[in-house]
Amino acid sequence: MTQELTSPSPAPHEPGPDRGPRWWRDAVIYQVYVRSFADSDGDGVGDLRGVRARLPYLKDLGVDAVWLTPFYASPQADGGYDVADYRAVDPLFGNLQDADDLIRTAHDLDLRVIVDIVPNHTSDRHPWFQEPELARQRYVFRTGKGEHGELPPNDWESVFGGPAWTRTDRGDWYLHLFAPEQPDLDWDNPDVHDEFAAVLRFWLDLGVDGFRVDVAHGMVKAPGLPDIGHGEQAKLIGNQVLPFFDQDGVHAIHRTWRRLLDGYGDTHDKQVIGVAEAWAPTAERLALYVRPDELHQAFNFQFLNTPWRADALRSVIDASLAATASVGAPTTWVLSNHDVVRHTTRLGGSLARARAATLLMLALPGSAYLYQGEELGLPEVTDLPDEARQDPAFFRGRRAGGQDGFRDGCRVPLPWSGEAPPYGFGPGGSWLPQPADWRGLTVAAQTGDPASTLELYRTALGLRRRLPGLGDGEMTWQPAPEGVLAFTRPGLLCTVNTRSHDVELPPSGTPLLSTAPVTVNGTTTALPGDSCTWWAI
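Procedures and definitions
Residues numbered from 1 in each chain as written. Predicted model: local features only at pLDDT ≥ 70, side-chain atom pairs only at ≥ 80, totals over all residues. Heavy atoms only, no water. Helix = DSSP H or I, 4+ residues; strand = E, 2+ residues; numbered from the N terminus. Buried < 20%, exposed > 50% of the residue type's maximum accessible area, 1.4 Å probe, protein only. Pairing = 2+ DSSP bridges. Contact = heavy atoms within 4.5 Å. Axes fitted to C-alpha atoms, helices over the stretch in contact; angles between N-to-C directions. Parallel < 35°, antiparallel > 145°, perpendicular 65-115°, else oblique. Nonpolar A, V, L, I, M, F, W, Y, C, P; charged D, E, K, R; others polar. Polar contact = N/O pair within 3.5 Å; in protein donor to acceptor, adjacent residues only side chain to side chain. Disulfide = S-S within 2.5 Å. 1 Å grid on protein atoms, 1.4 Å probe; cavity = no way out; pocket = protein on both sides within 12 Å on 5 of 7 lines; lining within 4 Å. Points joined across faces, edges and corners; volume = space filled by probe spheres on them. Core = buried A, V, L, I, M, F, W, Y, C linked by side-chain atoms within 4.5 Å.

Draft legend 1. Representation of unusual backbone geometry. In this structure, Pro422 follows Pro421 across a cis peptide bond, with omega equal to 10°. Looking at the secondary structure, you find Pro422 in the loop between α12 (392-396) and α13 (443-446). Positive phi, close to 50°, is recorded for Val215, a residue that is not glycine. Within the secondary structure layout, Val215 lies in the loop between β9 (210-213) and α6 (250-268). Given the relative accessible area of 4%, Val215 is considered buried.

Next up, the structure:
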């Protein structure tokens, strides 16, 4: 099914010189969940042409790069993370020419493009898995336990719930750490290494600027596939080393990929990056993924999971910065993505807290990731009808110790304009229903309103780009009352009040941007509860 471009294209145009070497160390990268961003053809599902048409919006927002979730050929058992052909675009999203056009348009707007790569597993419709003998060479198959092999080979559980093993009609079992439709590849086979190196080069030749590596901690399993010894294993992910995640052997794969990326970049005079989606139990373990000879960035899920308390936030910030500094890498910060509850809802259902958390994140040293719709202050949609849900964890997880299965709530299509669904998402409906009360949250409704969350993001990203003290570099903590964070960057002070009431401070400088009105008297400054303020100093 691998596709070819329908028309010849000139050499890829690269982003402009204002995004020079080491751009990734302080880039703001915007995640596009393709099926929920913008629909061009009226089928209710977002697509590549829809994304391309909305790229000027992202340019105006002020981001540096766009990360696209999988748009490859797939049966869509897990939203495209079950890939049947890594070199083809699924017809649901367009074709290879649409991908090429999108990349070129993004580069014309000085936006870089990062695409997902899914190396831990494929779809069960992948040609390798469809051929029985080939499947047993390139995927993880084992003989079952029990007198007749009727029991799974070990006690591992799927992240989505239930056993991580499915028995075949031959009587053996294959491993799937996610859905049964997503069999795990066997990275002990050199053919797997060769195939993914070729896939990376294919998309690099099309002009992409990097890869977000899905389940970057999962490709290597502990020798002997030992039992874990208890259930509800999904709750242990990111809290301790498991025999199927965060094994040391994955780092050899990432070192090979780093050599490939650097070699390609040197040959083509550009910097292409790898970003690890890696769940690790400590900041120190996570830092191993971004050593100088491995990937460029890794998602900082410890920060995402931190409660809204000054002491907890400071502890995670310190640990994150120390761990990445030890290997010379930038720290990344993220508050929402397509797999977690939106932070407007997660932080107590408080838009004020969500806005403050964002302004805090954008003031920290390193790179920041935004998830589509957070700039609109979108909440999690918690009342989707069961018949509308498509998250495989919803059907397996709650009954079998896996994820809670409510990821659909953060994947509801974006509201662009209008008074009623689908709010300009496309000429038809939307694959997940949008709330009837989102009319005030659309891009059109918020544009030009200085009090809106959208304009807060636009202003903050504009300042971050213009102020030399923001982005990569150093920060210094300053004394602050209990419940308040204060730190300086060159020329800037950031104060965050995590309390629900006002807190008074001495005069702090000239206010640049605040998530809530700040009262400045001659001798004191009143910081509103659940707010963040940037000061020029």
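Further notes follow.
Draft legend 2. Main features of the sheet that holds strand β15 (residues 484-489). Strand order in the open sheet formed by five strands is β14-β15-β16-β21-β18, with antiparallel pairing between adjacent strands. Because the sheet does not close on itself, it has two edges, and the strands there are β14 (476-477) and β18 (510-514). Pairing geometry for strand β16 (residues 492-497) and strand β21 (residues 531-536), over six bridges, is antiparallel. Considered in β21, the bridge of Asn497 is made with Ser531. Along the sheet, helix α9 (residues 310-325) contacts β14 and β15; its crossing angle with β15, the most-contacted strand, is approximately 35°. Contacts between helix α14 (residues 453-466) and the sheet are confined to β18 and β21, with β18 contributing the most and set at about 130° to the helix.

Draft legend 3. Seen up close, the packing of helix α11 (residues 351-363) against α14. For the pair α11 and α14, interaxial distance at closest approach is 10 Å and the crossing angle is 10°. It follows that α11 is roughly parallel to α14 by the angle criterion. Taken together, the residues of α14 that come into contact with α11 (itself represented by Leu351, Arg355, Thr358, Leu359 and Leu362) are Thr453, Leu456, Tyr457, Ala460, Leu461 and Arg464. Each residue belonging to the contact of α11 with α14 can be placed in one class, and the counts come to seven nonpolar, two polar and two charged.

Draft legend 4. The side chain of Arg411, seen in detail. With respect to the secondary-structure elements, Arg411 resides in the loop between α12 and α13. According to the relative accessible area criterion, Arg411 is buried, its value standing at 4%. Side chain to side chain, Arg411 and Asp339 meet in a polar contact 3.0 Å long. Beyond its immediate chain neighbours, meaning those up to four positions away, Arg411 contacts Tyr33, Ser36, His338, Asp339, Tyr371, Trp431 and Leu432.

Draft legend 5. Structural context of the side chain of Asp246. As for its position among the elements, Asp246 is in the loop between β9 and α6. Asp246 sits in the buried class, given a relative accessible area of 2%.

Draft legend 6. Broad picture of the state of the cysteines. Scanning the entire structure with this criterion turns up zero disulfides. Here Cys532 is not cross-linked by a disulfide; its sulfur's nearest cysteine counterpart is in Cys494, at 3.5 Å.

Draft legend 7. Expanded view of the sheet that holds strand β8 (residues 173-175). In spatial order, the strands read β6-β8-β7; together these three strands make up an open sheet with antiparallel pairing. The open sheet is flanked by β6 (141-142) and β7 (165-167), the only strands paired with a single partner. As paired strands, β6 and β8 are joined by two bridges and run antiparallel to one another. Its bridge partner lying in β8, Phe141 is registered against Tyr174.

Draft legend 8. Structural context of empty space enclosed by the protein. Applying the stated criterion to the full structure yields five cavities of 30 Å³ or more. Looking at the largest cavity, its volume works out to about 100 Å³. Along the wall of the largest cavity there are 14 residues; nearest its centre are Leu286, Asn300, Ser320, Thr324 and Thr331. Those elements that place two or more of their residues in the lining of the largest cavity are α7 (283-287), β11 (297-298) and α9. Along the lines of polarity and charge, the residues of the lining of the largest cavity split into seven nonpolar, seven polar and no charged. In this model, the second largest cavity occupies a volume close to 80 Å³. In terms of lining, the second largest cavity is formed by Tyr33, Arg35, Gln76, Ala77, Asp78, Gly79, Gln390, Asp391, Pro392, Asp408, Arg411 and Trp431.

Draft legend 9. Inspection of the nonpolar core at higher detail. Core analysis: the largest hydrophobic core is formed by 142 residues, its most contacted members being Tyr30, Leu58, Leu68, Phe71, Trp203 and Trp534. When residues no more than four places from it in sequence are discounted, the contact partners of Phe71 are Leu48, Ala88, Val89, Asp90, Phe93, Ala99, Val115 and Trp203. In terms of nonpolar packing, the next biggest core, distinct from the first, is built from 20 residues, Trp156, Phe178, Val215 and Leu242 among them.

Draft legend 10. Region of the structure containing the pairing of β16. With six of its six residues buried, β16 lies for the most part within the structure. Here β16 shows a buried face lined by Leu492, Cys494 and Val496 and a second buried face lined by Leu493, Thr495 and Asn497. Relative to β16, β15 runs antiparallel, the two being bridged by six bridges. Paired with Arg489 across the strands is Leu492, a residue of β16. Here β15 folds back onto β16 in antiparallel fashion, the turn holding two residues, of which Gly491 has a positive phi close to 80°.

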